[in-house]
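A structural walkthrough
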Amino acid sequence: MKLRIQDELDTSPLVLSDLCCQLEKVPKAPTSTNSPQCPIFFPQMLTYILSFLPLSDQKEASLVSRAWYCAARNALQESHVRYNIPVSSASLPAIKSLGLRGISCISLTNLDGSPASHEVLQSVADHLGPHLQSLCLGGGSPTEASFVALILGCPALRILDLSGCNSLFTSGMLLAQPETAQRVQQALSGLRELSLASLRDLADLSFNRLSSCAPSLERLSLAYCHLTFELGPAQGSLGPQDSSPSQLSFCNLLRFVKERAARLHALDLSGTGLPPEALQALGQVAGLRLQELSLHSCRDLSTEAVAALCCQQPGLTSLDLSGCSELADGAILAVSRGLRHLQRLSLRKLQRLTDAGCSALGGLQELQSLDLAECCLLRGRALAQALGSVRGAPPPLASLSLAHCSSLKDASVLSLIPVLGPSLRVLDLSSCVALSNQTMQAICTYLTQLSVLRLAWCKELRDWGLLGLQEPSEETSQGPQPQGPSLLMLQALRELDLTACSKLTDASLTKVLQFPQLKRLSLSLLPALTDKGLVAVARGCPSLERLALSHCSLLSDEGWAQAAGSWPRLQHLNLSSCSQLTARTLDSIGQACRQLQMVDVALCPGISITSVRRFQAQLPQVTCVQSRFVGGADLTLTL
């Protein structure tokens, strides 16, 4: 018998926990003496249920019993979680344990050329290598020999991130030995994605050697690498023998793209200074069918070059033109006409973009993510009309950012919100300083499925807007006010940012911040937030993992003594410039928040370096940031 629970399952942790407890009571199936040590209480069903939980809830569930531990472990394995492993001898037992669990996705941090790093890399190759599919060494400094040894031990790799690993390319001799290159090619024969971003020493020769070892490559990032451009009639016609040992040239990249055109479908050339003629040459490569292209901060690109690209690569589903400051409305019109299957579009920091350009976005009927942040000329009404013109059906937008669009007013946003549709999950209106309570109440009415809401620096928001009440006037102050939709309507929220909404007080925060599933919350720069509000937030939002309360000068040790016990999952905490706090607050946090990883107590005059060191001795995994004024200068210590 098969049990169908997907359509009716309430995925809140409390309901799932009750359901899992019921499964624990089901009698065990008979097992043989050779059965695994994990008890069998419908383990596949338990794993399936736990897979609906957020990562932190899965971790907590694993502590319930042996059966739950096995089920949670399987759920974590199935959800492709990336494990960040600090490179030190203390990580060796954890690497061996992860290897026994078949973990396939890791990131190594603090990697250098030391013997300890070499030992960790060898352990990764031995215990994780055979089933490792995704490996990130970003920002590390491994030696060439230890890198090659690691890769040879990872024959199943699909994703490799070498961003910022300059030590591998400084000598220019990586994979220079043919026999070594041949062995690495065998190991990387299944590699699909390679990131070489931010490599200052990457040159044609080293790029060609490494890329030739990955014949199945589909995705390539060269973001923020220094590309040289010498375009002419014979562009891209140079052979490998003409590759430069000292610089990375666009001609060499173009030759690579021509060779791999049939497979390559994603390119990231952000920050490379790509000129219009280079983009045109890239777009017209025969057989190239790009699906994703990122050109962030390629400031020289022209509207004509983007228009040509849209004709040459009509299959694009993701396009990032953020920071391409020469682009204007014509480029957006070309995108809307030529890229009908576009799903993700980023136009952040296009200072010349106006409502005229946004008026055509309604033609992108498959658009799921739209980033228009820092487009300061946008007023929003044309965007509302464009999105509302999609043949009467709401657009499939899941994410919309209008952050720092300072020209937005309530009227245009009020016309936009109703047409966004129930699919919207992320809305960023940070620093839209003219927005008021009307916008807040429209969000609570129409966008009840939001999981992320960012309203930082919306200084006109008041308690009434969060509470769903009309702003009091002489007429309404005499009797009870009608209750409208309040922030409590957004029970799907996982992240809420109210930074610098300085007119908010305990009057609203104590009543509406009741989100059991909220993971991230910022209430920094709220001068009226007191201990009463802090305690109410702690009781209403017990699942917080990241909390920012900087510059909340009314918070005291007494408030934290009551609140800390409600936040056992807290990992990142910002208390900078909370002037009343002392070492007693650190003591309360240290006793209750055992999963803490980072705490910022910069410019807290009541917290000394001695108390910070004592706190870190209590929780050695925590990074503490403290800043003090010394002789008129700002001294920051990371302990």
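Let me begin by describing the structure that accompanies this report. (Residues numbered from 1 in each chain as written. Predicted model: local features only at pLDDT ≥ 70, side-chain atom pairs only at ≥ 80, totals over all residues. Heavy atoms only, no water.)

1. Side note on the overall build of the protein
The secondary structure content of the protein amounts to 23 helices and 23 strands. Sorting the 639 residues of the protein into buried and exposed places 52% on the buried side. Considering only contacts in the protein between residues 6 or more positions apart, those separated by 24 or more positions represent 75%. A total accessible area of about 27,900 Å² is found for the protein, and carbon and sulfur atoms account for 53% of it. (Helix = DSSP H or I, 4+ residues; strand = E, 2+ residues; numbered from the N terminus. Buried < 20%, exposed > 50% of the residue type's maximum accessible area, 1.4 Å probe, protein only. Contact = heavy atoms within 4.5 Å. Areas by Shrake-Rupley, 256 points an atom, 1.4 Å probe, with all protein chains shown as cover.)

2. Digging into the side chain of Glu495
In this structure, Glu495 sits in strand β17 (residues 495-497). A distance of 2.9 Å separates polar atoms of two side chains, one belonging to Glu495 and the other to Arg454. (Polar contact = N/O pair within 3.5 Å; in protein donor to acceptor, adjacent residues only side chain to side chain.)

3. Section: the packing of aromatic side chains
In the structure shown here, the tally under the stated rule is three aromatic pairs. On the basis of an interplanar angle of 35° and a centroid distance of 5.6 Å, the ring pair of Phe229 and Phe250 is categorised as tilted. You can see Phe229 sitting in the loop between β7 (227-228) and β8 (248-249) and its partner Phe250 sitting in helix α10 (residues 250-259), a full 21 residues away along the chain. On the basis of relative accessible area, Phe229 is assigned to the partly exposed category, the value being 25%. (Phe/Tyr/Trp six-rings, centres within 6.5 Å; stacked < 30°, edge-to-face > 60°.)

4. Some points on helix α17 (residues 437-446)
Those residues of α17 lying buried are Asn437, Thr439, Met440, Ala442, Ile443 and Cys444. Against the buried residues of α17 lie α16 (410-416), β15 (426-428), β16 (452-454) and α18 (463-467).

5. With respect to the nonpolar core
With 175 residues, the main nonpolar core has Leu196, Leu220, Ile443, Leu453, Leu487, Trp560 and Trp567 as its most contacted residues. The leading source of residues in this core is α10, at five residues. With sequence-adjacent residues up to four places away left out, Trp567 is seen in contact with Leu534, Val537, Ala538, Cys541, Pro542, Leu544, Leu547, Trp560, Ala592 and Cys593. Ranked by size, the runner-up nonpolar core spans eight residues in total, among them Ala61, Ala67, Trp68 and Ala72. (Core = buried A, V, L, I, M, F, W, Y, C linked by side-chain atoms within 4.5 Å.)

6. Quick notes on the side chain of Ser436
Along the chain, Ser436 turns up in the loop between β15 and α17. The class for Ser436 is buried, based on a relative accessible area of 17%. When sequence neighbours within four positions are dropped, the list of residues in contact with Ser436 reads Asp410, Glu460 and Leu461.

7. Examining the environment of Leu487
Within the secondary structure layout, Leu487 lies in the loop between α18 and β17. Judged by its relative accessible area of 1%, Leu487 falls in the buried class. The spacing of Leu487 and Gly468 is 19 residues in sequence and 7.4 Å in space, taken between C-alpha atoms. When near neighbours in sequence (up to four residues on either side) are disregarded, Leu487 contacts Met440, Cys444, Leu453, Leu466, Leu496, Val512, Leu513 and Phe515.

8. Describing the pattern of salt bridges
All told, the structure shown has 14 salt bridges when counted by the stated rule. Two residues, Arg255 and Glu259, come together in a salt bridge whose shortest N-O distance is 2.7 Å. Taken as a pair, Arg255 and Glu259 lie in helix α10 at a separation of four residues, close to a single helical turn. Using a relative accessible area of 10% as the deciding quantity, one classes Arg255 as buried. Exposure remark for Glu259: the relative accessible area of 51% places this residue in the exposed category. The partner of Lys503 in a salt bridge is Glu460, with the nearest N and O atoms 3.3 Å apart. Of this pair, Lys503 sits in the loop between β17 and α19 (506-512) while Glu460 sits in the loop between β16 and α18, and the two are 43 residues apart along the sequence. Shared partners join several salt bridges into a network, and the residues in it are Glu193, Arg219, Glu292 and Arg344. (Salt bridge = Lys/Arg side-chain N within 4 Å of Asp/Glu carboxyl O.)

9. Observations concerning the environment of Thr272
By secondary structure assignment, the location of Thr272 is in the loop between β9 (266-268) and α11 (276-283). As a C-alpha pair, Thr272 and Leu227 span 45 residues in sequence and 5.9 Å in three-dimensional space. Those residues in contact with Thr272, other than ones at most four positions away along the chain, are Leu222, Tyr224, Cys225, Leu227, Phe229 and Cys298. Among the polar contacts made by the side chain of Thr272, one reaches the main-chain carbonyl oxygen of Leu269 at a distance of 2.7 Å.

10. Some remarks on the packing of helix α22 (residues 583-592) against helix α23 (residues 609-618)
At a minimum axis separation of 10 Å, α22 and α23 run at an interaxial angle of 5°. One finds that α22 runs roughly parallel with respect to α23. Contacts from Ala583, Leu586, Asp587, Ile589, Gly590 and Gln591 in α22 reach Ser611, Val612, Arg614, Phe615 and Gln618 in α23. (Axes fitted to C-alpha atoms, helices over the stretch in contact; angles between N-to-C directions. Parallel < 35°, antiparallel > 145°, perpendicular 65-115°, else oblique.)

11. Focus: unusual backbone geometry
Phi at Ser198 is positive, roughly 60°, even though this residue is not glycine. On the secondary structure map, Ser198 appears in the loop between β5 (193-195) and α9 (204-212). Here the phi dihedral of Leu525 falls at roughly 60°; this positive angle occurs in a residue that is not glycine. For Leu525, the location among the structural elements is in the loop between β18 (520-522) and α20 (531-540). Given a relative accessible area of 29%, Leu525 falls into the partly exposed group.

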